[in-house]
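Breakdown of the fold
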Amino acid sequence: MKEYPVQRAAVLKEKPDPNTLVFGKTFTDHMFIMDYTAGQGWHDGRIVPYGPISLEPSAMVFHYAQEVFEGLKAYRNPQGQVQLFRPMENVKRINSSCDRMCIPQLPEEDTLAAIEQLVRLEADWVPSAPGTSLYIRPFIIATTPSLGVHAAHNYIFCIITCPVGAYYAEGINPVKIYVENEDVRAVRGGTGYTKCGGNYAASIRAGERAEENGYAQVLWLDGVHREYIEEVGSMNVMFQIGDTVVTPKLTGSVLPGITRKSCIELMRSWGLKVEERLITAKELFEAGANGTLKEAWGTGTAAVVSPIGEMGWEDKHVVVNAGKIGPLAQRLYDTLTGIQWGTQPDPHNWVIKL
Ligand code: COI
């Protein structure tokens, strides 16, 4: 496996209190960085002290947002070892995002090696308090100084890491989500299936509106018919209607979540019926009104499994499972986090111990 050169930080930072970690605010001592130059390919991968990156104001990422990112986590198991959850899935997904954004492909094995080497170096930063982990954020930005709308000739691939607790202030307690009628997050043929910053930038306005109205997140409708449920933006969504679990199918405008895929695989291995299909907001709210909607939850790397306790849409309002986490979301949360934190067997070989 590839080994990258390391320039160690002269002074190491003080670690934050693991019991009061806020998502994405504290960064570790080092980062990985690698350059791309047209004609030369990816080169000079290295680990350096975490710090500012100097770019020209004309760097293309600032103007046309040619960039992609990923999110995965490292966990500390009860034996004190550090482990990753399905990291190759993230490497493959960043390359799928790169393909859409005209960014050169990363070498898969060397990218996994970079993630593993950085996490090994930062192992002391992987917290052990319940529900905490080290969030890993790989990203690529276009750095060519040019205002022409073309694919850049130069890029930086960087990996930063931060110790985190729960993504939502609610933790495992159910969140309230609001169906957005006005703005759309993504359209088919667009970039919805990628992790590119633009998808998230487009979601901020509706997110702010939802928060002003007391909701944690926005539930997006498809951008064409504005009828079909897509995702929340920070997580995919799943609903138990009767005895079937329904989740929006991957139509091109929905992120192919790795936690989504893992939950589907787990539920199918338990003999549950899972349907990936189109689901209208009308069907969902009718199921909420007639009592067939048993549970609702979101899935994501940051969000893990987050129960949805209330949903609003226009003048309609649905309380799911009396606003409490249901047995299926709890089982998924316990099993998934059990595998991730190494407190349960890993029958699917999803975990890589470092
Ligand atoms: C993740 O779950 O890793 C994401 O990238 C979502 C982001 C909104 C935190």
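Residue indices follow the written sequence of each chain, beginning from 1 at its first position. Local features in this predicted model are restricted to residues of pLDDT 70 or higher, and side-chain atom pairs are both shown and tallied only at a pLDDT of 80 or more, whereas totals for entire chains, interfaces and linings draw on every residue. For side-chain calculations, the full set of non-hydrogen atoms in the structure is used, while hydrogens and water are omitted.

A short note on the overall build of the chain
- Secondary structure assignment for the chain yields eight helices and 16 strands.
- This radius of gyration counts C-alpha atoms alone. The globule rule is 2.2 Å times how many residues there are, raised to the power 0.38. In terms of C-alpha radius of gyration, the chain reaches 20 Å, essentially the compact-globule figure of 20 Å for 354 residues.
- With the principal axes as the frame, the chain shows a C-alpha extent of 60 × 50 × 35 Å.
- The buried label goes to any residue with under 20% of its type's maximum accessible area, the exposed label to any with over 50%, and the partly exposed label to all in between, with areas taken from a 1.4 Å probe on protein chains only. Expressed as a percentage of the 354 residues in the chain, the buried residues total 52%.
- In the chain, the proportion of contacts linking residues at least 24 apart, taken out of those at least 6 apart, comes to 71%.
- A total of about 15,300 Å² of accessible surface is found on the chain, and carbon and sulfur atoms cover 51% of it.
- Asp and Glu count as negative and Lys and Arg as positive, but His and the ends of the chain are not part of the count. A charge is said to be at NZ when it belongs to Lys, at CZ for Arg, at CG for Asp and at CD for Glu. Between the averaged position of the 33 positive side-chain charges in the chain and that of its 40 negative side-chain charges there is a distance of 3 Å. Where helices and strands are cited, they refer to DSSP runs of H or I of at least four residues and of E of at least two residues respectively, numbered from the N terminus. What makes two residues a contact is simply this: any of their non-hydrogen atoms within 4.5 Å. All accessible-area figures derive from a Shrake-Rupley calculation using a 1.4 Å probe, and residue coverage is judged against the displayed protein chains alone.

With respect to the site of the ligand
- Surveying the vicinity of the ligand reveals the residues Phe23, Phe69, Gly71, Tyr135, Arg137, Tyr167, Lys195, Tyr200, Ser234, Thr301 and Ala302.
- Polar contact is defined as a pair of N or O atoms within 3.5 Å, subject to the rule that within protein one atom must be able to donate a hydrogen and the other to accept it, and that residues adjacent in sequence are counted only when both atoms are side-chain atoms. In the environment of the ligand, an oxygen atom lies 3.5 Å from a nitrogen or oxygen atom belonging to the side chain of arginine 137.
- Here an oxygen atom of the ligand and a backbone polar atom of threonine 301 are 3.4 Å apart.
- When the ligand is considered free in solution it has 280 Å² of accessible area, and contact with the protein chains removes 90% of it.
- In the scheme used here, Gly and all other residues not listed as nonpolar or charged are polar, with Ala, Val, Leu, Ile, Met, Phe, Trp, Tyr, Cys and Pro taken as nonpolar and Asp, Glu, Lys and Arg as charged. In terms of residue class, the shell around the ligand is built from six nonpolar, three polar and two charged.
- In this entry, domain limits derive from an automatic or database-based domain assignment. Residue assignment places the shell around the ligand across two domains, with domain 1 (30-164) and domain 2 (175-340) each supplying three or more. We call a residue near a molecule or strand when any one of its heavy atoms sits within 4 Å of it.

Quick look at the pattern of salt bridges
- A pairing counts as a salt bridge when a side-chain nitrogen of Lys or Arg comes within 4 Å of a carboxyl oxygen of Asp or Glu. In the structure shown here, the tally under the stated rule is 17 salt bridges.
- Here glutamate 108 and lysine 92 are joined by a salt bridge, their closest N and O atoms 3.2 Å apart. With glutamate 108 in helix H3 (residues 108-121) and lysine 92 in helix H2 (residues 87-100), this residue pair connects regions lying 16 residues apart in the sequence.
- Across the pair aspartate 183 and arginine 209 runs a salt bridge, and its minimum N-O distance is 3.3 Å. Here arginine 209 lies in helix H5 (residues 204-212) and aspartate 183 lies in the loop between strand S8 (175-179) and helix H4 (197-201), a separation of 26 residues in the sequence.
- Among the charged side chains, a network of salt bridges with common partners joins Glu180, Asp183, Arg205 and Arg209.

So, the nonpolar core
- Judged by nonpolar contacts, the single largest core of 35 residues is most densely connected at Phe32, Ile140 and Phe157.
- Listing elements by their share of this core, those giving two or more residues are strand S1 (30-37), strand S2 (41-49), strand S4 (72-76), strand S5 (82-85), H2, H3, strand S6 (133-142) and strand S7 (154-164).
- With five residues, the single largest contributor to this core is H3.
- When near neighbours in sequence (up to four residues on either side) are disregarded, isoleucine 140 contacts Trp42, Gln66, Glu67, Val68, Ile94, Cys98, Ile103, Leu106, Tyr155, Ile156 and Phe157. Side-chain atoms within 4.5 Å link the members of a nonpolar core, which is a set of buried Ala, Val, Leu, Ile, Met, Phe, Trp, Tyr and Cys residues.

What to know about the pairing of strand S11 (residues 244-248)
- Of all five residues that make up S11, five are buried, and the element is covered over most of its length.
- Side chains of S11 alternate between two faces, with Thr244, Val246 and Pro248 and Val245 and Thr247 buried alike.
- When DSSP finds two or more bridges between two strands, those strands count as paired. Bridge count between strand S10 (residues 236-241) and S11: three bridges; the pairing is antiparallel. Bridge assignment links phenylalanine 239 to a residue of S11, and that residue is valine 246.
- Across five bridges, S11 lies against strand S12 (residues 273-277) in parallel orientation.

A short note on the packing of aromatic side chains
- Pairing of aromatic side chains requires ring centres within 6.5 Å, counting the rings of Phe and Tyr and the six-membered ring of Trp. Pairs whose planes differ by under 30 degrees are stacked, by over 60 edge-to-face, and all others tilted. Within the structure shown, the criterion is met by twelve aromatic pairs.
- When the ring of tryptophan 42 is compared with that of phenylalanine 157, the centres are 6.4 Å apart and the planes differ by 70 degrees; the resulting orientation is edge-to-face. Of this pair, tryptophan 42 sits in strand S2 while phenylalanine 157 sits in strand S7, placing them 115 residues apart in sequence.
- Note on tryptophan 42: relative accessible area 16%, which makes it buried.
- What makes phenylalanine 157 buried here is its relative accessible area of 1%.
- Taking the centre distance of 5.0 Å and the plane angle of 50 degrees together, the rings of tyrosine 178 and tyrosine 215 count as tilted. Here tyrosine 178 is found in strand S8, whereas its partner tyrosine 215 is found in the loop between H5 and strand S9 (217-219), with 37 residues between them in sequence.
- A network of ring pairs unites the aromatic residues Tyr4, Phe32, Tyr36, Trp42, Tyr155 and Phe157 as a single cluster.
- Seen from the ring of tyrosine 215, lysine 176 lies directly overhead, with NZ or CZ sitting 5.4 Å from the centre.
- Taking the ring centre of tryptophan 313 as reference, the NZ or CZ of lysine 316 above it sits at 4.7 Å. Note on criteria: charge over ring means Lys NZ or Arg CZ within 6 Å of the ring centre, with the direction from the centre no more than 35 degrees off the ring normal.

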